[in-house]
Amino acid sequence: MNILVSACLLGVECRYDGTGKEMVGLKALMKEYHLIPVCPEVFGGLPTPRMPSEIQPNRRVQMKDGKDVTQQYEKGAREVLKLARLYDCRYAILKERSPSCGHEEIYDGSFTGRKIPGNGIASELLEKNGVKVFGESQIELLKSRIEEEAYEYKHGRVTK
Ligand code: SF4
């Protein structure tokens, strides 16, 4: 099974500040699954390092200096979806709270550290297209969902 993963969680230094955010537990998943690393912000044409961005209340994405980068975020999301389809990924593990990858919680657009419910641009597009997104703190939940789905499939309750 192929699973999309935020590249920074594998230690790739593609974050806005030029660092990665390697997550030790994630590499253990490579024994059981093929992890497909993606970085929507880089796929959208943004440089690394880059100024931090946040999603505004009107769903536009702005850098801290006010520059609108919505187009780059949307392009990056589309490229990630393209790979999800190419590799038949039904699950993704994405970096929590990122304006691209965040799942269920993001920053509120004020650059003050305040969080609100919501998804990042790539995360949202994946979910709308049937990819189940999990944050990096939800790996155990993801594994149990995959097991449940495999059980149901085996017993004829789910058709892929
Ligand atoms: Fe990581 Fe996603 Fe940000 Fe790329 S866009 S650095 S993969 S959180």
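Analysis parameters
- Residues take numbers from 1 onward in each chain, read along the sequence in its written order.
- Thresholds applied to this predicted model are a pLDDT of at least 70 for local features of residues and 80 or more for the giving and counting of side-chain atom pairs; totals over whole chains, interfaces and linings are not thresholded and use all residues.
- To get the side-chain values, take all heavy atoms of the structure and skip hydrogens and water.
- Using protein atoms alone on a 1 Å grid, points that fit a 1.4 Å probe yet trap it form a cavity, whereas open point sets bounded by protein on both sides within 12 Å along at least five of seven lines form a pocket; residues with an atom within 4 Å of a point count as lining.
- Grid points are joined across faces, edges and corners, and a volume is the space filled by probe spheres set on the points.
- Secondary structure counts use DSSP, requiring at least four H or I residues in a row for a helix and at least two E residues in a row for a strand, with both numbered from the N terminus.
- It suffices for a single heavy atom of a residue to lie within 4 Å of a molecule or strand for the residue to be listed as near it.
- Molecules are considered to sit inside a cavity or pocket once more than half of their atoms lie within 2 Å of its grid points.
- Asp, Glu, Lys and Arg are counted as charged, while Ala, Val, Leu, Ile, Met, Phe, Trp, Tyr, Cys and Pro are counted as nonpolar; the rest, among them Gly, fall into the polar class.
- In this analysis, the expected span of each helix is defined as 1.5 Å times one less than the number of residues it contains.
- Buried, partly exposed and exposed residues are distinguished by accessible area as a fraction of the type maximum, computed with a 1.4 Å probe on protein chains only: under 20%, between the cut-offs, and over 50%, respectively.
- Our arc is simply the arc of the directions from the helix axis toward the C-beta atoms.
- Pairs of residues are marked as contacts when any of their non-hydrogen atoms sit within 4.5 Å.
- Strands are labelled as partners when DSSP assigns at least two bridges between them.
- The angle between two axes is taken between their N-to-C directions and runs from 0 to 180 degrees, where each axis is a line fitted to C-alpha atoms and a helix contributes only its stretch in contact.
- Salt bridges are defined by distance alone: a side-chain nitrogen of Lys or Arg within 4 Å of a carboxyl oxygen of Asp or Glu.

## Concerning empty space enclosed by the protein
A probe as big as a water molecule, rolled over the atoms, marks out the empty space that is left.
Next, step 1: Going through the model one piece at a time under the given rule, you end up with 1 cavity of 30 Å³ or more.
Next, step 2: If you add up the space inside the largest cavity, you get close to 30 Å³.
Next, step 3: What lines the largest cavity is E54, I55, R97, S98, P99, I106 and Y107.
Next, step 4: Going through the elements one at a time, β3 (53–55) and β6 (105–107) are the ones with two or more residues in the lining of the largest cavity.

## Looking at the site of the ligand
Next, step 1: With respect to spatial proximity, 14 residues lie near the ligand, and among them C8, C39, E41, K95 and C101 are the closest.
Next, step 2: A majority-of-atoms criterion places the ligand in the largest pocket.
Next, step 3: Looking at the shell around the ligand residue by residue, the class counts come to 7 nonpolar, 3 polar and 4 charged.

## Observations regarding helix α5 (residues 139–154)
Next, step 1: In this model, α5 (16 residues) spans 23 Å end to end at C-alpha, consistent with the 22 Å of a helix rising 1.5 Å per residue.
Next, step 2: Turning to α5, its buried residues are I139, L142, I146 and E149. Taken around the axis of α5, the buried residues stretch over an arc of 85°, which confines them to a single face. In α5, the exposed positions angled more than 90 degrees off the buried face are occupied by E140 and E147.
Next, step 3: Buried residues along α5 sit in contact with β1 (2–6), α1 (24–28), β5 (91–94) and β8 (132–135).

## Side note on the sheet that holds β8
Next, step 1: Taken in spatial order, the 4 strands make up an open sheet running β2-β1-β5-β8, and their pairing is parallel. Either end of the sheet is taken by a strand with one partner, and the two such strands are β2 (34–38) and β8. Geometrically, the sheet is characterised by an average inter-axis angle of 25° between neighbouring strands, direction not taken into account.
Next, step 2: As paired elements, β1 and β5 share 3 bridges and run parallel to each other. By the bridge assignment, V5 is partnered in β5 with I93.
Next, step 3: On the sheet, α5 packs against β1, β5 and β8 and is oriented at approximately 175° with respect to β5.

## Looking at the pattern of salt bridges
Next, step 1: Counted under the stated rule, the structure contains 11 salt bridges.
Next, step 2: Residue K95 pairs with E136 through a salt bridge whose shortest N-O separation is 3.2 Å. Of this pair, K95 sits in the loop between β5 and β6 while E136 sits in the loop between β8 and α5, and the two are 41 residues apart along the sequence. Across this residue pair, the class does not change: K95 and E136 are buried.
Next, step 3: In this structure, the salt-bridge partner of R97 is E105, at a minimum N-O distance of 3.6 Å.
Next, step 4: Since its relative accessible area comes to 31%, E105 is described here as partly exposed.

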